[in-house]
Amino acid sequence: MADSISNTQPEAPGSIAQERRLLGEVPGPRSRALQERRMTVVARGVGSSLPVYIQDACGAILRDVDGNQLIDLGSGIAVTGIGHAVPAVSRAIAEQAERFVHTCFMITPYEGYLEVCEQLAQLTPGRHEKRSALFNSGAEAVENAVKVARYATGRQAVVVLEHAYHGRTNLTMALTAKHQPYKAGFGPFAPEVYRVPASYPLRDPDGMTGEEAAARALGKVALQVGSESVACVVVEPIQGEGGFVVPAPGFLPALSRWCQEHGALLVADEVQTGFARSGDWFASDHEQVVPDLVTTAKGIAAGMPLAGLTGRAELMDAVHVGGLGGTFGGNPVACAAALASIDTMRAGDYPARARKIELVSEPYLAGLAKTCPAVAEVRGRGAMLAMELVRPGTLEPDAALAQAVARACLTEGVVVLTCGSFGNVIRLLPPLSIDEALLVEGLEVLASVVERLAS
Ligand code: PLZ
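Residues numbered from 1 in each chain as written. Predicted model: local features only at pLDDT ≥ 70, side-chain atom pairs only at ≥ 80, totals over all residues. Heavy atoms only, no water.

Examining unusual backbone geometry
Phase 1: Cis peptide bonds are those with omega within 30 degrees of zero, and the linkage from Gln180 to Pro181 qualifies with 0 degrees.
Phase 2: For Pro181, the position within the fold is in the loop between helix H6 (170–175) and strand E6 (193–196).
Phase 3: With a phi close to 65 degrees, Glu192 is a non-glycine residue in the positive phi region.
Phase 4: Positionally, Glu192 belongs in the loop between H6 and E6. (Helix = DSSP H or I, 4+ residues; strand = E, 2+ residues; numbered from the N terminus.)

Describing a nonpolar patch on the surface
Phase 1: Residues Val41, Val42 and Val46 make up a contiguous nonpolar surface patch of about 270 Å² in total accessible area.
Phase 2: Mapped onto the secondary structure, Val41 falls in the loop between helix H1 (29–39) and strand E1 (54–58).
Phase 3: For Val41, a relative accessible area of 69% corresponds to the exposed category. (Patch = residues over 30% accessible without salt bridge, like charges linked within 9 Å, V, L, I, M, F, W, Y side chains within 5 Å. Areas by Shrake-Rupley, 256 points an atom, 1.4 Å probe, with all protein chains shown as cover. Salt bridge = Lys/Arg side-chain N within 4 Å of Asp/Glu carboxyl O. Buried < 20%, exposed > 50% of the residue type's maximum accessible area, 1.4 Å probe, protein only.)

Considerations on the sheet that holds E1
Phase 1: Here four strands make up an open sheet; going across it, the order is E1-E2-E3-E13 and the pairing mixed. Single-partner strands in this sheet number two, and they are E1 and strand E13 (414–415).
Phase 2: Pairing analysis gives four bridges linking E1 to strand E2 (residues 61–64), with the strands arranged antiparallel. Across the sheet, the residue bridging to Cys58 is Ile61, located in E2.
Phase 3: Contacting E2, strand E3 (69–72) and E13, helix H13 (residues 436–454) runs over the sheet at an angle of about 95 degrees to E3. (Pairing = 2+ DSSP bridges. Contact = heavy atoms within 4.5 Å. Axes fitted to C-alpha atoms, helices over the stretch in contact; angles between N-to-C directions.)

Quick notes on the side chain of Thr172
Phase 1: With respect to the secondary-structure elements, Thr172 resides in helix H6.
Phase 2: Within the structure, Thr172 has its side chain in polar contact with the backbone nitrogen of Arg168 (distance 3.2 Å).
Phase 3: Residues contacting Thr172, with those up to four places away along its chain left out, are Ala139, Val142, Glu143, His166 and Gly167. (Polar contact = N/O pair within 3.5 Å; in protein donor to acceptor, adjacent residues only side chain to side chain.)

Some points on the site of the ligand
Phase 1: As a structural note, the neighbourhood of the ligand is formed by 15 residues, with Gly138, Ala139, Arg168, Asp269 and Gln272 the closest of them.
Phase 2: Arg168 places a polar side-chain atom, nitrogen or oxygen, 2.7 Å from an oxygen atom of the ligand.
Phase 3: A distance of 3.4 Å separates a nitrogen atom of the ligand from a polar side-chain atom of Glu241.
Phase 4: Protein chains bury 81% of the 510 Å² of accessible surface belonging to the ligand in isolation.
Phase 5: Taken together, the residues of the shell around the ligand break down into five nonpolar, five polar and five charged. (Near = heavy atom within 4 Å. Nonpolar A, V, L, I, M, F, W, Y, C, P; charged D, E, K, R; others polar.)

Overview of the layout of surface pockets
Phase 1: Considering only enclosed or pocket space, the second largest pocket measures out at about 530 Å³ in volume.
Phase 2: Taken together, 24 residues form the lining of the second largest pocket, with Phe105, Tyr113, Ser132, Ala133 and Leu324 sitting closest to its centre.
Phase 3: For the lining of the second largest pocket, the secondary-structure elements that each account for two or more residues are helix H4 (111–123) and strand E4 (130–135). (1 Å grid on protein atoms, 1.4 Å probe; cavity = no way out; pocket = protein on both sides within 12 Å on 5 of 7 lines; lining within 4 Å. Points joined across faces, edges and corners; volume = space filled by probe spheres on them.)

Structural notes on the sheet that holds strand E12 (residues 384–389)
Phase 1: Overall, antiparallel pairing links the four strands, which are arranged E11-E12-E15-E14 in an open sheet. Edge strands, defined here as strands with exactly one partner in the open sheet, are strand E11 (375–381) and strand E14 (417–419). Pairwise comparison of adjacent strand axes, ignoring direction, gives a mean angle of 25 degrees for this sheet.
Phase 2: Across four bridges, the pairing between E12 and strand E15 (residues 425–428) is antiparallel. Bridge pairing links Leu385 to Leu428 in E15.
Phase 3: Each of E12, E14 and E15 touches helix H12 (residues 399–411); the most contacted strand, E15, lies at about 35 degrees to it.

Everything listed here is a matter of geometry and, on its own, says nothing about what the molecule does.
Spelled out as structure tokens, the structure:
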């Protein structure tokens, strides 16, 4: 492993110096003006947690319309894992855009789509024969996973977990656990979706093992759904929006075994965890879990909209010709971006970079957990790290503190995101290509903000 994160950088980011620079208030006057203008044209339902308008971005730096340079520890929610405006990706996008932008793969296909599917077959867990289909968003990939699972098993029930997030379409809203803001007022939801407890070590009974948490969940399935009715169990190997909840060891393998024993499919939703983020290519790899179907999106194409559903050949090929698809799915420009991005990740051993980010971050986060009673837990894996904030001495969530921390970090030029069923988790998703010094600077800002606001 490299001793500094930055010295394996395959291609230095170009035009913006990789440094934090504050020229004035954040958000500045131009961002505030755009925010006002937005109110008159953009639907209120589309929120922005940090109303700073971006002019350009490079590597791990976002430059806003007022000229402030912010350290990006969010990567647009785990999307720009290789950094912003990576020259190899921008070039691949430009070259493909000059050749052709769209034909519709369902009408006249092209090679880039095949190449992305070949990469997915190689990189996703398991050495079995695989097939993939490409889509536009994570939610669409998850919807299609359920379609394939129902088709291939001839069963209807879908089992999901508490704290799950799988998207905002009608079916994926039904799969998503959290009412506000994702579901409130948007029902009725798709039927045949059953929610069971997850493994949430901080909030589970002390000492509960992964196997026990799985037995708790699967006991409910047997009792309330009927194991023989289950088409699939859909899980995020590390729950993302739900709070970066890492299940206790043994939980995912137990779900996997149960699926095998009962003829159900295990769907790993790796939309947020995938593509090197967790320190492995996929978070399922950590416990050698081999899902039947895997969904990918976010980190696959460095910011271009692309998603994949990859699965066992016999399951994916069960579906009749024409049963899967969509006008834009597997867009050639998005495929070109994915191929360049995957190349960059392979060449720079990005899973190792994610592990290095964890090592560098650990002392700062662990230090906070020690000195700051509001930090109930620090958790995560690789470059997917979080701290859960509570009222000291209790497990009562402190969402207001998480909001205040994210806001204060922004005003100091560091972008951090919140998440969690209770809105009380600060999460870090830095670009895997971030310079070590810049990462440390971001962590120091975060630490000082938490210490200031939480005392
Ligand atoms: N599955 C595990 O994390 C997207 C959503 C942000 P789309 N998570 C960020 C928001 O508030 O909309 C996500 C995910 C997991 C599925 C999805 C859905 O992916 O590309 O947003 O549809």
